[in-house]
2 protein chains.
Amino acid sequence: MQKKKIAIMGLGTVGGGAYDILTRNREYIMSTQDIDIEVAAILDRDETPLIRRGIAKSLFCSDIDKLAANGDIELVIETMGGVEPAKTFITKLLRSGKSVVTANKELLAKHWTELTRLAEQNGVGLYFEASCVGGVPIIRALGESLQGDRIQSVYGIINGTTNYILSKMSTENIDYTGALADAQKLGFAEADPKSDVEGYDAAYKLSILASLAFHTVVPYESVYREGITKITGADIVNAHALGYEIKLLAVCKRDGDTVEARVHPALVSRSHPLAAVSGAYNAVYLNGDSVGDLMFFGAGAGASPTGSAIVSDTVKALKGPRCCDFGGDRSDDNIKFAGDFTSGYYMCVTVDDKPGVLGKICTVLSDNGVSIKSALQREGTGERTTLLLLTHRASERSITAAMGEIEKLPVVAAVESMIRVL
Amino acid sequence: MQKKKIAIMGLGTVGGGAYDILTRNREYIMSTQDIDIEVAAILDRDETPLIRRGIAKSLFCSDIDKLAANGDIELVIETMGGVEPAKTFITKLLRSGKSVVTANKELLAKHWTELTRLAEQNGVGLYFEASCVGGVPIIRALGESLQGDRIQSVYGIINGTTNYILSKMSTENIDYTGALADAQKLGFAEADPKSDVEGYDAAYKLSILASLAFHTVVPYESVYREGITKITGADIVNAHALGYEIKLLAVCKRDGDTVEARVHPALVSRSHPLAAVSGAYNAVYLNGDSVGDLMFFGAGAGASPTGSAIVSDTVKALKGPRCCDFGGDRSDDNIKFAGDFTSGYYMCVTVDDKPGVLGKICTVLSDNGVSIKSALQREGTGERTTLLLLTHRASERSITAAMGEIEKLPVVAAVESMIRVL
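Residues numbered from 1 in each chain as written. Chains lettered and ligands numbered in written order. Predicted model: local features only at pLDDT ≥ 70, side-chain atom pairs only at ≥ 80, totals over all residues. Heavy atoms only, no water.

Asker: Sorry if this is basic, but what is going on with the overall build of chain A here?
Answerer: On a plain count of helices and strands, chain A comes out with 15 helices and 18 strands. Against the 2.2 N^0.38 benchmark of 22 Å for 422 residues, chain A shows a C-alpha radius of gyration of 24 Å, consistent with a compact globule. With respect to the three principal axes, the spread of C-alpha positions in chain A is 80 × 45 × 35 Å. Across the 422 residues that make up chain A, the buried fraction comes to 58%. Across chain A, every contact between residues at least 6 apart in sequence was considered, and the portion connecting residues at least 24 apart equals 74%. (Helix = DSSP H or I, 4+ residues; strand = E, 2+ residues; numbered from the N terminus. Rg over C-alpha atoms; globule rule 2.2 N^0.38 Å. Buried < 20%, exposed > 50% of the residue type's maximum accessible area, 1.4 Å probe, protein only. Contact = heavy atoms within 4.5 Å.)

Spelled out as structure tokens, the structure:
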């Protein structure tokens, strides 16, 4: 049996989860994988997280250069998060010939090419299953399955916090603020929830998933991003009335040399498998030209599921061969990133409750090349009434132009909401 | 770029699907995987399938010894199906130092240990992603993800034919015979449907999945098997009334040293993600001690999805390293295969329509340690009425004993159905 020593940088929730699995299942991993993995060093700001877990203080290390120079350590798990100092630390480790297993989506999304090249140049591995969708093995599926497929599209619910909030709004009929407060109370949302609710976290993950799916770097900056903070309880009630749920969707598609990648709320028909993915669960739904539709579903975050992905990467890395084959590390100069998308649209418009209003709105849409798929008029107050419209697919430019004109119609009081439809 | 020559044995539906993908996506695979795969020989009974696809006759080969001796060919795809001559052929190929990619679940389920050992001894690879659940990368997930997890249970809908038939019965309210005829007409069922409808196909696959999930050989013979031929339209209507769908379920669980593996119809609550897996789609729902619940969903069969899995294995095998690490190839003498299971039960009983009947049945169940979860009495004809019962979990022995007694009650005309509940 091979004996291997590793280190963990950052013993927070996720790092602690990985440590717990490596400890609890150490013998099971020995018996099934024929490898004995010992956590021999833990790098953190201070000893507190070690003390809390009853870990011997002798494992504590605060000096990255010492860790990089430690020849006994073959691999380091990075669960610090954020760009710095993680980037500097990982760079030192890769240069010193250690493989790195990371859960750091932000770092990867922002410095993919630099880090993967560095790993390749040093003949070491860089593994990141834990960076996307917790314990769901989507990175492995994109990298080591489906090699014969041209992936055409990926639709994902890949942020647990926003899915928890939207599910809560959907099932309990509460507003965004209440659902966010609840998520914060239960630890599903950070005190500063911006990275999740504004879609940054999902955009980081989508950049990674799209790069692997399309075998070309899809920079984080090319991902269109819109969060869920403007979704109201009324939007969800209206979506239900039309047979839909509202989800924060990460979408990427490839059509020839054009790639589009976007994160935004979307209405998802209840007949689509993604509509049923609720709470802190995540899912990725993709289409390949050979395999057809595939869906991967599981816990999108949390110490134990994310820890599971880290341990899987660790075992894989230590059993070798070292993985330096990053499908996404081929910048293709021919690739164009779409500046305009087509999508179906949901609109909620408050209008004067008198005859001819729907006709006027339809005319504006039609003049802009947008056609109506279905319309629902909610019972009005006498003076005002609410129109819910679903359009067929149209370009975002056309929709935006049409909405600009609709807002100016004298019979229109307000365009309350405009949300894309999957 | 590496240039690799391979052969295909059996150019039927699945072999043809793999050939088509390798041809259609040859350049795409070259550009994304840095490997050029050429199908250099095709072994079949005669040249007909080559002619039908417009493949040069020079590729035709009918002699396995010649193929095994051909030093140019590094890997062979086996898509003949059945035990013989596939087993003899694969044995010769592995011995001659060629890796084999196979879709042959029956052969693997029946000769797992022999074939995997042979591959190991010869230092070549044996790959079988295509043997289970079409293009869904569940073999890769069990083998190369989740290494840190103790898999506790696997629930699968892993036979497309029976799922098509049951879905058809469910949505169109037709009986088994009509749904089977429809499936045969559309090519979803064989002229002789026995292997699918009697659960053999699912049992082969479950033997493979359970062996990988539990890291110990789970012989095909230890899988309890029951088909769908006794499921009636009435069962499905009754299941709907209780909020369930009926699926052919493959189940394996591990509890300490005891493994249970079984294939049988089961009522699945509509709130469970597996209930929504319909038509020819398949899914595997598993639970690991770290990752929690995971579901994999996709096309369970068909030329193109299964071909996708074959091509993925082929690329993986040719890029190396050769895969001889079969998680399941560790017979563990401590392992016991459960002879009795616990399950919830659905029962449909025709009884005399008079007071006290439900009480009598409940007493018999209770005397055998079985408790009722819910009961529904269908409106009777005056003389007879139908009772639908759902029990809490009970051992199969208790349920069987109780049913024996219930059948003998004078007030009971017939026990129409007894189906397990997920």
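Asker: In this structure, what is going on with the nonpolar core? I would like to understand it.
Answerer: In terms of nonpolar packing, the biggest core is built from 174 residues, with A:Leu67, A:Ile138, B:Leu67 and B:Ile138 touching the most fellow members. Ignoring anything within four residues of it in the chain, the contact list for A:Leu67 reads A:Ala7, A:Met9, A:Ala41, A:Leu43, A:Cys61, A:Ile73, A:Val76, A:Leu93 and A:Lys98. (Core = buried A, V, L, I, M, F, W, Y, C linked by side-chain atoms within 4.5 Å.)

Asker: Teacher, can you tell me more about the packing of helix 1 (residues 13-24) of chain A against helix 13 (residues 303-319) of chain A here?
Answerer: Helix-helix packing: each pair is described by the crossing angle between the helix axes and the interaxial distance. Residue and element names in this part refer to chain A. The geometry of helix 1 relative to helix 13 is characterised by a closest axis approach of 7 Å and an angle of 65 degrees between their N-to-C directions. The element helix 1 and its partner helix 13 pack so that their crossing is right-handed. In this structure, helix 1 contributes Thr13, Val14, Gly17, Ala18, Ile21 and Leu22 to the contact, and helix 13 contributes Ala303, Ser304, Thr306, Gly307, Ser308, Ile310 and Val311. Here the residues of the contact of helix 1 with helix 13 sort into seven nonpolar, six polar and no charged. (Axes fitted to C-alpha atoms, helices over the stretch in contact; angles between N-to-C directions. Left-handed = near helix turned anticlockwise from the far one by under 90°. Nonpolar A, V, L, I, M, F, W, Y, C, P; charged D, E, K, R; others polar.)

Asker: What should I look at first to understand the sheet that holds strand 1 (residues 2-9) of chain A in this one?
Answerer: Read from one edge to the other, the open sheet built from six strands follows the order 3-2-1-4-5-6 (chain A), with strand pairing classed as parallel. Two strands lie at the open edges of the sheet, namely strand 3 (60-61) and strand 6 (126-127) of chain A, each paired on one side alone. (Pairing = 2+ DSSP bridges.)

Asker: Help me understand the pairing of strand 2 (residues 35-43) of chain B in this model?
Answerer: Residue and element names in this part refer to chain B. Counting buried residues in strand 2 gives seven out of nine residues, a clear majority hidden from the surface. Of the strand pairs in this sheet, strand 2 and strand 3 (residues 60-61) are connected by two bridges, and their pairing is parallel. Note on strand 3: the bridge partner recorded for Leu43 is Cys61.

Asker: How should the interface of chain A and chain B be read in this particular structure?
Answerer: A common way to state how big an interface is: give the accessible area lost once the parts meet. At the junction of the two partners, chain A supplies 46 residues and chain B supplies 45 residues. Summing the contributions of chain A and of chain B, the shared interface buries around 3,900 Å²; its carbon and sulfur component is 47%. It is A:Tyr28, A:Gln147 and A:Phe297 in chain A that bury the most area against chain B; as a group they hold 17% of the surface buried on that side. One salt bridge in this structure joins B:Lys316 and A:Glu144, with 3.1 Å as the shortest N-O distance. If you look at where chain A meets chain B, you find 20 residue pairs in polar contact (both at pLDDT 80 or more). Elements supplying a minimum of two residues to the side of chain A that touches chain B: helix 1, helix 2 (26-33), helix 7 (138-144), helix 11 (200-214), strand 11 (281-288), strand 12 (292-299) and helix 13 of chain A. With eight residues, helix 13 of chain A is the largest single contributor of residues to the side of chain A that touches chain B. Note: strand 12 of chain A against strand 12 (residues 292-299) of chain B, five bridges, orientation antiparallel. Across the sheet, the residue bridging to A:Met295 is B:Phe297, located in strand 12 of chain B. (Buried area = accessible area lost by both parts, 1.4 Å probe. Salt bridge = Lys/Arg side-chain N within 4 Å of Asp/Glu carboxyl O. Polar contact = N/O pair within 3.5 Å; in protein donor to acceptor, adjacent residues only side chain to side chain.)

Asker: What exactly am I supposed to notice about helix 5 (residues 86-95) of chain A here?
Answerer: Structural remark: α-helix, 3.6 residues per turn; residues separated by three or four positions point the same way. Residue and element names in this part refer to chain A. Burial runs high along helix 5: seven of the ten residues are buried. Where helix 5 is concerned, the buried positions are Ala86, Lys87, Phe89, Ile90, Thr91, Leu93 and Leu94. Turning to helix 5, the residues buried within the fold contact strand 1, strand 2 (35-43), helix 4 (64-69), strand 4 (73-78), strand 5 (99-102) and helix 6 (105-121). Immediately downstream of helix 5, the backbone of Gly97 shows phi near 85 degrees, a positive value.

Asker: Before we go on, may I ask you to explain the packing of aromatic side chains in this structure?
Answerer: Each pair of aromatic rings is reported with the distance of its centres and the angle of its planes. All names here are of chain A. One pass over the structure, following the stated rule, counts eleven aromatic pairs over all chains. Their ring planes at 10 degrees and their centres at 4.9 Å tell us that Tyr281 and Phe297 sit as a pair that is stacked. Within this pair, whereas Tyr281 is found in strand 11, its partner Phe297 is found in strand 12, the two being separated by 16 residues in sequence. With a relative accessible area of 9%, Phe297 lands in the buried category. (Phe/Tyr/Trp six-rings, centres within 6.5 Å; stacked < 30°, edge-to-face > 60°.)

Asker: Sorry if this is basic, but what is going on with the relation of the copies chain A and chain B here?
Answerer: Both copies of the chain are related by a screw-like operation: a rotation about an axis and a shift along it. Least-squares fitting of chain A to chain B yields an RMSD of 0.0 Å, with the superposition described by an axial translation of 0.0 Å and a rotation of 180 degrees. On this basis, the relationship between the two copies can be described by a two-fold rotation axis. Among all C-alpha atoms of chain A, that of A:Phe296 lies closest to the rotation axis, at 2.4 Å. Counting the interface residues of chain A, we find that 98% of their copies in chain B are interface residues as well, pointing to one common contact surface. (Least-squares fit on C-alpha atoms with pLDDT ≥ 70 in both.)

Asker: Just checking my understanding: could you explain empty space enclosed by the protein for this structure?
Answerer: Over the atoms rolls a probe the size of a water molecule, and its path tells where empty space is left. All names here are of chain B. Here the structure, examined in full by the defined rule, presents four cavities of 30 Å³ or more. Along the walls of the largest cavity sit 13 residues, with Tyr155, Arg262, Ser343, Val421 and Leu422 positioned nearest its centre. Of all the elements in the fold, those that place two or more residues in the lining of the largest cavity are strand 9 (244-255), strand 10 (258-269), strand 14 (342-352) and strand 18 (412-421). Looking at the lining of the largest cavity residue by residue, the classes come out as six nonpolar, three polar and four charged. (1 Å grid on protein atoms, 1.4 Å probe; cavity = no way out; pocket = protein on both sides within 12 Å on 5 of 7 lines; lining within 4 Å. Points joined across faces, edges and corners; volume = space filled by probe spheres on them.)

Asker: I'm lost on the state of the cysteines in this one. Help?
Answerer: Note on terminology: disulfide describes a covalent bond linking the sulfur atoms of two cysteines. Counted according to the given criterion, the structure contains zero disulfides over all chains. Here A:Cys362 stays unpaired: no disulfide links it, and the sulfur of A:Cys348, its closest cysteine neighbor, is 15 Å away. Using a relative accessible area of 26% as the deciding quantity, one classes A:Cys362 as partly exposed. A disulfide-free cysteine, B:Cys252 has its sulfur positioned 11 Å from the sulfur of B:Cys132, the nearest such atom. (Disulfide = S-S within 2.5 Å.)

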